Amino acid sequence: MDYEVKDISLANQGQMNIEVARRNMGALMKVKERFSKEKPLKGLRIGMALHITKETANLVETLIAGGADVAITGCNPLSTQDDVAASMAKDGVKVYGYKGESKEDYYKYVNRIIDFKPNITIDDGCDLVSEIHLKHPELIKDIIGGCEETTTGIIRLKSMMRDGALKYPMVAVNDNKTKHLMDNYYGTGQSTLDGIIRASNILFAGKTLVVLGYGSCGKGCSLRGRGMGANVIVTEVDNFCALQAQMDGFRVMKMEDACKLGDIFITVTGDKNVIRLEHMKQMKEAAIMANSGHFDNEIDMKALEKAASSKRRVRHYFDEYVLDGKVLFVAGEGRLVNLAAAEGHPSEVMSLSFCGQALACEFLVKNKGKLSIDVHQLPEEVDDFIAGLQLEAMGVEIDELTEEQIKYLAGWQEGT
Ligand code: ADE
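### Remarks on the sheet that holds strand S6 (residues 170-172)
Alright, step 1. Across the sheet, which stays open at both edges, the seven strands sit in the order S3-S2-S1-S4-S5-S6-S15 with parallel pairing between neighbours. At either end of the open sheet lies a strand with only one pairing partner, and these are strand S3 (94-96) and strand S15 (375-376).
Alright, step 2. One ladder, built from three bridges, connects strand S5 (residues 145-148) with S6; its direction is parallel. Pairing of Glu 148 across the sheet is with Ala 172, part of S6.

Pasting the structure below:
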């Protein structure tokens with residue numbers, strides 16, 4: 001058996017969690033059904049660096065149903081669900097990772113995926129692609145292409161493109177409407193609050209919630225924060241996103257002002273050090289900080305660790321720091337709070353995202369050798385197809401255009 005997990009005896013619980021998730025992943029199950037018959041991924045090795053969750057396990061099963069051999073490691077040291085990893089290992093999947101793994105183990109496991117010599121890579125955050133390009137370029141000749149799950153990963157891929165460093169075609173799964181307008185928005189919105197609540201059990205009603213960043217993730221967190229009765233403040237650096245937040249009815253201001261008002265802070269910017277020591281020093285007693293951006297550098301944890309006079313873990317993934325005599329809390333160690341302190345996005349949204357991943361693999365195989373070395377989007381029809389699958393899974397029917405309407409939309413002559 002080729003795996004490294006925390007405790008193989010957790011496999012039964014993991015299997016039950018995977019089964020419960022599957023019930024809410026109807027769209028992905030439709031893809032799996034077709035993959036089982038058509039085997040579009042036959043004979044291919046797919047290497048993955050993705051959060052090891054019950055939803056990802058269902059993606060892995062879908063790829064295997066499609067004929068692939070799969071090896072998987074995590075993409076964040078705190079996101080692995082140990083029971084799920086155990087269940088996958090028991091089923092014969094090459095899986096490497098455990099919750100709370102060290103940085104050394106994290107990269108050791110990324111290298112197990114590299115040893116597997118993948119023909120397709122699936123990344124969430126681009127660490128696998130970076131490692132291959134920087135240290136194992138000999139693998140690239142056998143790689144058909146790669147798929148990237150998240151905004152941060154796409155930003156890194158585009159900067160690789162600009163530097164002329166990218167050496168194989170990539171599909172930006174994140175850019176599917178059925179991904180970033182669903183997963184980033186509804187998924188992050190719900191699971192981020194879920195993580196903060198599981199860690200702190202704080203009441204959102206009546207609190208001031210500061211959301212740093214108003215991309216799809218920030219929009220989701222703000223919407224759900226307001227839904228739970230918080231007064232939401234948004235901070236932004238982009239004029240249009242700030243304008244959207246203002247028009248959506250949130251207060252928009254600079255962080256230097258917001259830092260004094262917030263009870264809860266959520267970072268979702270994709271950039272580093274957006275909450276700095278200078279902000280922490282002005283926060284209220286017992287303010288809670290949490291990050292839901294991909295990397296753990298949005299809150300300057302290093303500066304906090306250095307400046308704090310004490311630190312202790314007071315609850316599950318909830319750390320109390322004393323800074324200048326004042327208590328501040330950090331949920332999820334400043335890493336993705338939704339996966340560190342809760343279970344990540346709910347299965348329904350991951351079903352949409354992972355239909356994108358499965359169909360992106362198929363797209364790469366169908367277009368093998370034909371794609372330019374670039375960051376590609378899946379054709380719009382694929383996105384539309386995924387939305388249709390999900391509606392079907394939810395039992396929702398929609399109208400169709402009449403012949404007359406199709407003709408009207410195609411023409412330009414008919415006016416006032
Ligand atoms: N990213 C956010 N939530 C996730 C989940 N449940 N599974 C995999 N990746 C995720």
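### Description of the sheet that holds strand S12 (residues 310-315)
Alright, step 1. The strand order across the open sheet built from eight strands is S9-S8-S7-S10-S11-S14-S13-S12, with neighbouring strands paired in mixed fashion. Taken across any chain shown, the strands that pair with only one partner, and hence form the sheet edges, are strand S9 (251-252) and S12.
Alright, step 2. By the bridge criterion, five bridges tie strand S7 (residues 208-212) to strand S8 (residues 231-235) in an arrangement that is parallel. What sits directly across from Leu 212, in S8, is Thr 235.
Alright, step 3. Where helix H10 (residues 216-227) meets the sheet, its contacts fall on S7, S8 and strand S10 (264-267), and the angle it forms with S7 comes to roughly 170 degrees.

### What to know about the state of the cysteines
Alright, step 1. Inspection of every chain in the model, using the stated rule, returns zero disulfides.
Alright, step 2. Distance from the sulfur of Cys 126, which forms no disulfide, to the nearest cysteine sulfur (Cys 75) is 11 Å.
Alright, step 3. Cys 217 supplies the cysteine sulfur nearest to Cys 221, a cysteine that is in no disulfide, at a spacing of 6.8 Å.

### Focus on the side chain of Gln 390
Alright, step 1. Mapped onto the fold, Gln 390 is located in helix H17 (residues 380-393).
Alright, step 2. The buried category is assigned to Gln 390, whose relative accessible area is 10%.
Alright, step 3. Those residues within four positions of Gln 390 in sequence are excluded, and the remaining contacts are Ala 27, Glu 348, Ser 351 and Leu 352.

### Some remarks on the site of the ligand
Alright, step 1. Near the ligand, the surroundings consist of His 51, Thr 53, Glu 55, Thr 56, Leu 339, Glu 343, Gly 344, His 345, Met 350 and Phe 354.
Alright, step 2. A distance of 2.7 Å separates a nitrogen atom of the ligand from a polar side-chain atom of Thr 53.
Alright, step 3. His 345 has a polar backbone atom sitting 2.8 Å from a nitrogen atom of the ligand.
Alright, step 4. Computed on the free molecule, the ligand has an accessible area of 260 Å², of which 96% lies beneath the protein chains in the complex.
Alright, step 5. Here the residues of the shell around the ligand are counted per class, giving three nonpolar, five polar and two charged.

### Observations regarding the pairing of S8
Alright, step 1. The buried fraction of S8 amounts to four of the five residues, a majority that puts the element mostly inside the structure.
Alright, step 2. Between S7 and its parallel partner S8, the chain crosses via H10, and the hand of that crossover is right-handed.
Alright, step 3. Regarding the hand of the β-α-β motif, the stretch spanning S8, helix H11 (residues 239-247) and S9 is right-handed.

### Points about H10
Alright, step 1. Taking 1.5 Å per residue as the helical rise, H10 with its twelve residues ought to reach 16 Å, and the 16 Å between its terminal C-alpha atoms agrees with that figure.
Alright, step 2. Among the residues of H10, Ser 216, Cys 217, Gly 218, Lys 219, Gly 220, Cys 221, Ser 222 and Gly 225 are the ones counted as buried.
Alright, step 3. Gly 229 sits one or two positions beyond H10 and adopts a positive phi of about 95 degrees.

### Quick notes on H17
Alright, step 1. Over its 14 residues, H17 runs 20 Å from end to end, which matches the ideal 20 Å to within 8%, given 1.5 Å per residue.
Alright, step 2. Listed as buried for H17 are Asp 383, Ile 386, Leu 389 and Gln 390. Angular distribution of buried residues about the axis of H17 spans 120 degrees; they occupy a single face of the element. Across from the buried face of H17, at angles greater than 90 degrees, the exposed residues are Glu 380, Glu 381 and Asp 384.
Alright, step 3. Just downstream of H17, Gly 395 is the residue with a positive phi angle, here 70 degrees.

### Notes on a nonpolar patch on the surface
Alright, step 1. Taken together, the side chains of Leu 401, Ile 406, Tyr 408 and Leu 409 present a nonpolar region at the surface, about 430 Å² in accessible area.
Alright, step 2. Looking at where Ile 406 falls in the secondary structure, it is placed in helix H18 (residues 403-410).
Alright, step 3. Classification of Ile 406 as partly exposed rests on a relative accessible area of 41%.

### A word on unusual backbone geometry
Alright, step 1. Of note, the phi angle at Lys 117 is positive, near 55 degrees, even though the residue is not glycine.
Alright, step 2. Inspection of the secondary structure puts Lys 117 in the loop between helix H5 (103-115) and strand S4 (120-123).
Alright, step 3. Residue classification places Lys 117 among the partly exposed residues on the basis of a relative accessible area of 46%.
Alright, step 4. With a phi angle near 75 degrees, Cys 126 is a residue other than glycine that sits in the positive phi range.
Alright, step 5. By the element assignment, Cys 126 lies in the loop between S4 and helix H6 (127-135).

### With respect to the packing of aromatic side chains
Alright, step 1. What the rule picks out here adds up to six aromatic pairs.
Alright, step 2. Residues Tyr 96 and Tyr 109 carry aromatic rings whose centres are separated by 6.4 Å and whose planes lie at 25 degrees to one another, so their mutual orientation is stacked. Of this pair, Tyr 96 sits in strand S3 while Tyr 109 sits in helix H5, and the two are 13 residues apart along the sequence. Per residue, the accessibility class of Tyr 96 equals that of Tyr 109, and both read buried.
Alright, step 3. With 5.1 Å between their ring centres and 80 degrees between their planes, Tyr 106 and Tyr 107 make a pair best called edge-to-face.
Alright, step 4. Residue class for Tyr 106 comes out buried when judged on its relative accessible area of 5%.
Alright, step 5. With a relative accessible area of 30%, Tyr 107 lands in the partly exposed category.
Alright, step 6. Each member of the aromatic cluster is reached from another via a ring pair, and the members are Tyr 96, Tyr 98 and Tyr 109.
Alright, step 7. The side chain of Arg 313 reaches across the aromatic face of Tyr 317, ending 4.7 Å from its centre.

Conventions we followed
Residues numbered from 1 in each chain as written. Predicted model: local features only at pLDDT ≥ 70, side-chain atom pairs only at ≥ 80, totals over all residues. Heavy atoms only, no water. Pairing = 2+ DSSP bridges. Helix = DSSP H or I, 4+ residues; strand = E, 2+ residues; numbered from the N terminus. Contact = heavy atoms within 4.5 Å. Axes fitted to C-alpha atoms, helices over the stretch in contact; angles between N-to-C directions. Disulfide = S-S within 2.5 Å. Buried < 20%, exposed > 50% of the residue type's maximum accessible area, 1.4 Å probe, protein only. Near = heavy atom within 4 Å. Polar contact = N/O pair within 3.5 Å; in protein donor to acceptor, adjacent residues only side chain to side chain. Areas by Shrake-Rupley, 256 points an atom, 1.4 Å probe, with all protein chains shown as cover. Nonpolar A, V, L, I, M, F, W, Y, C, P; charged D, E, K, R; others polar. Right-handed = clockwise from strand over helix to strand, strands pointing away. Expected span 1.5 Å × (residues − 1). Arc of directions from axis to C-beta. Patch = residues over 30% accessible without salt bridge, like charges linked within 9 Å, V, L, I, M, F, W, Y side chains within 5 Å. Salt bridge = Lys/Arg side-chain N within 4 Å of Asp/Glu carboxyl O. Phe/Tyr/Trp six-rings, centres within 6.5 Å; stacked < 30°, edge-to-face > 60°. Lys NZ or Arg CZ within 6 Å of the ring centre and 35° of its normal.

Function cannot be inferred from these measures alone, as they are strictly geometric.
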